Amino acid sequence: MTTTMTETLQHWVNNAAFSGEGQSRTGKVYNPATGEVAREVALASKATTEAAIAAAATAFPKWRDTSLARRTAIMFRFRELLAERKGELAAIITAEHGKVLDDALGEVARGMEVVELACNAPYLLKGEYSENASTGVDVQSLRQPVGVSAIISPFNFPAMVPLWFFPVAIAAGNAVVLKPSEKDPTAANWLAELFAEAGLPEGVLNVVHGDKEAVDTLLTDERIASVSFVGSTPIAQYVYSTGTAHGKRVQAFGGAKNHMLVLPDADLDLAADMAVNAGYGAAGERCMAISVVVALEPIADELVAKIAERSKKLRVGDGTRGCDMGPLITGEHRDKVAGYIDAGVAAGAELVLDGREGSTDADGEGFFLHPTLFDKVGTDMSIYTDEIFGPVLSVVRVESFNEGIELINASKYGNGTAIFTNDGGAARRFENQIQVGMVGVNVPIPVPVGYHSFGGWKASLFGDQHAYGPEGFKFFTRNKVVTKRWLDPSHGGINLGFPQND
């Protein structure tokens, strides 16, 4: 691998670094643990983005017609290389995002699940066949690639989220232009370079770095057939409305405010452990993070005490030093999250743990906050209504199981939720009545495995198809139905008898 952490990171087009066309802008990439600029990244102009699209459009026809056997062999090789070098990728993630190494390795492992799913593409792309639908007429359905697919991914999972999409898109026969977050861009180039090493032809996977200029080009260029996006709800709405207005198939995954309902019969030690893990892992920068614990009054005091006790013991610092929690992605985002702590105090919530205080195991001035815990939070407070995307956990108290369900269902988001209980009947009712796309029972972050599909409801998803799994293959393909009739040999003019010498 040739990617280093010193030079300005360029784009990746036609299996090579690409300096771009008509551009001079760059962005800073920080090491969040130290606060220092680690490198710069080129920011694509419209012309640069169009060059990447052109490369994908040129590569698409040949890749579409490449046999499933060949596509699968390349995907298997990519999977093996990724397994061998996952430590390199995890180190890049920690250096640019800040999450601890164990968490970064977990991110890579979850992304590899989708690569393994893509290795099974020949099965998932099979069509259907009806013989003699009418006399002598057969009907066949085919799944064919959509064309050039754009993927716009967020900073919080710089490897896993791209891996949710491009292995499926490529296995299905599409060519891809990936626009990762400019905040931690190196993982995308590393993955593209590894795929080229696995034998992926030029132009099938391209990477452009940039901001709104690159995004708008992807959303409006007529050569782009589909768009996959993960980010905040306002931007997801923009991506969906703009992309669909320009005739594209769009799946836009938005924000979340994930609740965890704890019933009185739950194992409170388990619930407290899981609230800490799901609330503060990756410094809360997860769309599936638990940010609200809904506690029934009889056990609320005890549960809050257990969460606080565990949270105080978390070691915060540089992700390479064996800490439990790392920094936030940028100083600007750290300050925004700290502002929510100010707002929670001003609104009258009870501040149990103040994340603005505490020592860190890191060099320099990194972008750190410590675990923050609020109790007795009201549903009109901004710490409850807004997606904070940081290590801020709010406890809302309710009087009954029904009130808890109503509270969760009233949220505009519907990404993930969880219930902690030992009552099977309560859990079954929760599964049935909750208006959320991904549900955990005694599991705090119910991200589906690779052979199921990821996606929320309501303002957490714009579009019809979820990510990866069977729905991912449906998104990256179009269904074609062929109705055909062949004349029987008895019609005349053809002798199908055994050949003889005259």
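So, how was this worked out
Residues numbered from 1 in each chain as written. Predicted model: local features only at pLDDT ≥ 70, side-chain atom pairs only at ≥ 80, totals over all residues. Heavy atoms only, no water. Salt bridge = Lys/Arg side-chain N within 4 Å of Asp/Glu carboxyl O. Helix = DSSP H or I, 4+ residues; strand = E, 2+ residues; numbered from the N terminus. Buried < 20%, exposed > 50% of the residue type's maximum accessible area, 1.4 Å probe, protein only. Core = buried A, V, L, I, M, F, W, Y, C linked by side-chain atoms within 4.5 Å. Domains from an automatic or database assignment. Contact = heavy atoms within 4.5 Å. Axes fitted to C-alpha atoms, helices over the stretch in contact; angles between N-to-C directions. Parallel < 35°, antiparallel > 145°, perpendicular 65-115°, else oblique. Nonpolar A, V, L, I, M, F, W, Y, C, P; charged D, E, K, R; others polar. Right-handed = clockwise from strand over helix to strand, strands pointing away. Pairing = 2+ DSSP bridges. Buried area = accessible area lost by both parts, 1.4 Å probe. Polar contact = N/O pair within 3.5 Å; in protein donor to acceptor, adjacent residues only side chain to side chain. UniProt positions renumbered as here; feature names shortened; annotations may be inferred. 1 Å grid on protein atoms, 1.4 Å probe; cavity = no way out; pocket = protein on both sides within 12 Å on 5 of 7 lines; lining within 4 Å. Points joined across faces, edges and corners; volume = space filled by probe spheres on them.

The name recorded for the chain in an unreviewed UniProt entry is methylmalonate-semialdehyde dehydrogenase (CoA acylating), from Glutamicibacter creatinolyticus.

All right, on to the pattern of salt bridges then. Applying the stated criterion across every chain, the model contains 28 salt bridges. Across the salt bridge formed by Arg 79 and Glu 116, the nearest N and O atoms sit 2.9 Å from each other. Of this pair, Arg 79 sits in helix H2 (residues 68-84) while Glu 116 sits in helix H4 (residues 101-118); the two residues are 37 residues apart in sequence, bridging distant segments of the chain. Taking the relative accessible area as the measure of exposure, Arg 79 reaches 22% and is therefore partly exposed. Two residues, Arg 85 and Glu 197, come together in a salt bridge whose shortest N-O distance is 2.7 Å. Of this pair, Arg 85 sits in the loop between H2 and helix H3 (86-96) while Glu 197 is found in helix H7 (residues 186-197), placing the two residues 112 residues apart along the sequence. Salt bridges sharing partners connect three or more residues here, namely Asp 269, Asp 273, Lys 306 and Arg 310.

Once that is clear, we can look at the nonpolar core. Residues Phe 78, Leu 82, Phe 166, Ile 170, Phe 195 and Phe 454 are the most contacted members of the largest nonpolar core, which totals 63 residues. Looking at which element gives the most residues to this core, the answer is helix H6 (residues 160-171), with 10 residues. Summarising the domain contributions, this core has at least three residues from each of domain 1 (8-255 + 455-481) and domain 2 (258-412 + 416-441). Residues within four places of Leu 82 in sequence aside, it is in contact with Leu 89, Val 108, Met 112, Val 115, Leu 163, Trp 190, Leu 191 and Leu 194. Within the second largest apolar cluster, 62 residues are counted, among which are Ala 275, Val 293, Ala 300 and Val 377.

Once that is clear, we can look at the packing of H4 against H6. Where H4 contacts H6, the two axes come as close as 8 Å, and the packing angle between them is 10 degrees. By the criterion of interaxial angle, the relationship of H4 to H6 is roughly parallel. Together, Glu 107, Arg 110, Gly 111, Met 112, Val 114, Val 115, Leu 117 and Ala 118 of H4 and Met 160, Leu 163, Trp 164, Pro 167, Val 168 and Ala 171 of H6 make up the contact between the two elements. Here the residues of the contact of H4 with H6 are counted per class, giving 11 nonpolar, one polar and two charged.

So, about the pairing of strand E12 (residues 258-262). E12 sits mainly inside the fold: five of its five residues count as buried. Every second residue of E12 is oriented toward a common face, with Asn 258, Met 260 and Val 262 on one face and His 259 and Leu 261 on the other, all of them buried. With respect to chirality, the unit in which E12 leads through helix H10 (residues 268-280) into the neighbouring parallel strand E13 (residues 290-296) is right-handed. Direction of pairing for E12 relative to strand E18 (residues 416-420): parallel, over a ladder of four bridges. Counterpart to Leu 261 in the pairing with E18 is Ile 419.

Quick look at the environment of Val 115 now. Mapping Val 115 onto the fold places it in helix H4. Val 115 has contacts with Met 75, Phe 78, Arg 79, Leu 82, Leu 163 and Pro 167, leaving out every residue within four places of it along the chain.

Turning our attention to the domain arrangement of the chain. Each assigned domain of the chain is listed here: domain 1 (8-255 + 455-481) and domain 2 (258-412 + 416-441). Centre-to-centre, using C-alpha coordinates, domain 1 lies 31 Å away from domain 2. On the side of domain 2, 34 residues touch domain 1, which itself brings 24 residues to the contact. With both chains or domains summed, domain 1 and domain 2 bury close to 2200 Å², and 63% of this area falls on carbon and sulfur atoms. Between the two partners, domain 1 and domain 2, sit one salt bridge. Residues Arg 286 and Asp 103 are paired through a salt bridge, measuring 3.4 Å at the closest nitrogen-oxygen approach. There are 10 residue pairs in polar contact (both at pLDDT 80 or more) connecting domain 1 and domain 2. For the side of domain 1 that touches domain 2, the elements supplying multiple residues, two or more each, are H3, H4 and strand E20 (457-458). Its residues assigned to classes, the side of domain 1 that touches domain 2 shows nine nonpolar, nine polar and six charged.

The backbone phi angle of Asn 15 is positive, close to 60 degrees, even though this residue is not glycine. With respect to the helices, strands and loops of the structure, Asn 15 is situated in the loop between strand E1 (11-13) and strand E2 (16-18). Even without glycine at this site, Asn 442 takes up a positive phi of about 60 degrees. Structurally, Asn 442 is set in the loop between strand E19 (438-441) and E20.

Mapped onto the present numbering, the UniProt feature "domain: Aldehyde dehydrogenase" (unreviewed entry) falls at residues 22-482. Taken end to end, residues 22-482 is 41% helix and 22% strand, and its first and last C-alpha atoms sit 46 Å apart.

Moving on, we get to empty space enclosed by the protein. If a probe as big as a water molecule is rolled over the atoms, it shows which places are left empty. This model, assessed by the stated rule, comprises four cavities of 30 Å³ or more. The calculated volume of the largest cavity comes to roughly 110 Å³. Gly 284, Arg 286, Ala 289, Ser 291 and Phe 389 are the residues nearest the centre of the largest cavity, which is lined by 15 residues in total. Considering only residue class, the lining of the largest cavity consists of seven nonpolar, five polar and three charged. If you add up the space inside the second largest cavity, you get close to 40 Å³. Forming the boundary of the second largest cavity are Lys 257, Asn 258, His 259, Ile 408, Tyr 413, Gly 414, Asn 415, Gly 416 and Val 436. Among the secondary structure elements, those contributing two or more residues to the lining of the second largest cavity are E12 and strand E17 (413-414). Looking at the lining of the second largest cavity residue by residue, the class counts come to three nonpolar, five polar and one charged.

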